[in-house]
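Chain residues, written in single-letter form:
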Amino acid sequence: TDDEREARFQQRVDDEERIEPNDWMPEGYRKTLVRQIAQHAHSEIVGMLPEGNWITRAPSLRRKAALLAKVQDEGGHGLYLYAAAETLGKSREEMVDELLSGKAKYSSIFNYPTLTWADIGAIGWLVDGAAIMNQIPLCRCSYGPYSRAMIRVCKEESFHQRQGYELMLSLANGTPEQKEMAQDALNRWWWPSLMMFGPPDGDSVHSGKSMAWKIKRFSNDDLRQKFIDATVPQAHYLGLEIPDPDLKFNEETGHWDIGEIDWTEFQNVVAGNGPCNRQRIKQRRAAHENGAWVREAAVAFAEKRRARKAA
Ligand code: 3HC
């Protein structure tokens with residue numbers, strides 16, 4: 001019966017076994033994985049836009065090469081993740097349509113503008129830093145294709161974070177104007193980076209199930225705290241100020257306590273009213289239309305090759 005199969009499935013998850021595409025799985029397990037992996041893939045692809053904005057304006061060849069490599073990596077991460085979602089029976093076209101129609105979510109963080117070069121440093125340091133916190137546990141996700149994709153992604157992610165932090169270090173140790181640029185970027189990216197980890201545990205609709213199925217290994221708040229504890233000392237090392245007057249080290253818990261996160265801002269951005277939501281989707285739609293001829297050519301070529309083989 002279904003109950004017996006569910007029990008056997010849960011036993012496999014509890015025994016830390018990897019679930020593979022052809023294994024039996026509860027419909028809810030499949031659904032939440034398609035939801036999360038597709039949104040993760042969309043986040044990688046949309047995440048190329050804020051950074052792509054600065055490739056032609058990087059201040060040196062070295063910075064341009066590092067940024068170009070990072071943006072290319074994000075495209076590759078999107079590819080691994082769309083492929084992982086396809087193993088669950090979701091088609092690539094369907095996922096892309098859901099993104100372009102505004103139906104699918106992608107990470108709130110990519111709806112903020114990159115106003116100065118320092119934003120590229122802040123994104124590498126904070127956004128990729130937060131992504132690493134979130135993606136390391138996903139390497140141990142119960143679903144095989146997702147965990148294997150994450151293992152590859154995490155190797156590249158640490159380069160992204162390090163090149164961002166090094167960029168911030170050179171600005172913070174540069175002229176007063178450069179240090180001011182770094183501080184301004186930290187002021188604008190700190191709180192949105194904390195929101196990346198998702199709503200507070202009490203408002204997280206999926207955490208319970210995701211944790212039982214060992215998709216999510218740590219709660220949103222736990223990972224957020226881990227990120228804060230790791231990042232505050234890095235900001236101090238840069239000689240920069242975290243934009244939170246309530247930030248205070250808690251001797252008892254050994255953690256940094258922060259002020260209130262503005263969850264209405266988060267809900268607004270997720271609902272599509274962030275600073276750049278419309279622009280990001282418009283850019284993705286244009287890229288999809290301009291790239292149609294490549295897809296058509298690839299399909300025509302594949303047909304020809306198949307016909308030649310069959311002949
Ligand atoms: N942006 C947009 N939507 C978000 C969000 C965010 N930062 N955080 C949560 N949400 C949404 C969830 O998708 C869910 O909505 P849905 O039911 O329509 O999908 C709702 O808010 C409730 O949140 P939950 O905590 O219940 O949802 P999850 O259990 O899925 O947890 C998550 C949210 C921690 C983001 C989880 O989905 C996850 O770990 N995803 C994989 C990692 C990921 O997507 N990272 C995003 C950034 S990608 C990136 O950083 C690339 C790097 O190279 C820069």
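The name that an unreviewed UniProt entry assigns to the chain is Ring-1,2-phenylacetyl-CoA epoxidase subunit PaaA, with the source organism given as Amorphus orientalis.

## What about the overall build of the chain?
Helices and strands together make up the secondary structure of the chain, namely twelve helices and two strands. For the chain, the succession of helices and strands along the chain, N to C, is α-α-α-α-α-α-α-α-α-β-β-α-α-α. For 311 residues, the compact-globule estimate of 2.2 N^0.38 gives 19 Å, and the C-alpha radius of gyration of the chain, at 21 Å, lies within 12% of that figure. For the chain, the C-alpha atoms occupy an extent of roughly 70 × 50 × 35 Å along the three principal directions. Out of the 311 residues belonging to the chain, those deemed buried represent 49%. Considering only contacts within the chain whose residues lie at least 6 apart along the sequence, 78% involve residues at least 24 apart. Accessible surface computed for the chain: about 15,800 Å², of which carbon and sulfur atoms make up 56%.

## Structural notes on helix 4 (residues 92–100)
What helix 4 keeps buried is the set Met-95, Val-96, Glu-98, Leu-99 and Leu-100. Here the buried face of helix 4 lies against helix 2 (27–52), helix 3 (61–86) and helix 11 (277–290). Of the residues trailing helix 4, Gly-102 is marked for its positive phi of about 85°.

## Topic: the environment of Gln-283
Checked against the element boundaries, Gln-283 lands in helix 11. Its relative accessible area of 33% is what places Gln-283 among the partly exposed residues. Once the C-alpha coordinates of Gln-283 and Leu-100 are considered, the two residues, 183 residues apart in sequence, prove to be 9.6 Å apart.

## A short note on unusual backbone geometry
Backbone geometry at Glu-16 places phi at a positive 60°, although glycine is not the residue there. Residue class for Glu-16 comes out partly exposed when judged on its relative accessible area of 38%.

## Examining the pattern of salt bridges
If you walk through the whole model with that rule in mind, you get 20 salt bridges. For the salt bridge of Asp-23 with Arg-12, the shortest nitrogen-to-oxygen distance reads 3.0 Å. Here the residue Asp-23 occupies a position in the loop between helix 1 (2–14) and helix 2, and Arg-12 occupies one in helix 1, the gap between them amounting to eleven residues. According to the relative accessible area criterion, Arg-12 is partly exposed, its value standing at 24%. If you follow the salt bridges from partner to partner, you end up with Glu-51, Lys-70, Glu-74 and Asp-128 in one network.

What counts and what doesn't
- Residues numbered from 1 in each chain as written.
- Predicted model: local features only at pLDDT ≥ 70, side-chain atom pairs only at ≥ 80, totals over all residues.
- Heavy atoms only, no water.
- Helix = DSSP H or I, 4+ residues; strand = E, 2+ residues; numbered from the N terminus.
- Rg over C-alpha atoms; globule rule 2.2 N^0.38 Å.
- Buried < 20%, exposed > 50% of the residue type's maximum accessible area, 1.4 Å probe, protein only.
- Contact = heavy atoms within 4.5 Å.
- Areas by Shrake-Rupley, 256 points an atom, 1.4 Å probe, with all protein chains shown as cover.
- Salt bridge = Lys/Arg side-chain N within 4 Å of Asp/Glu carboxyl O.

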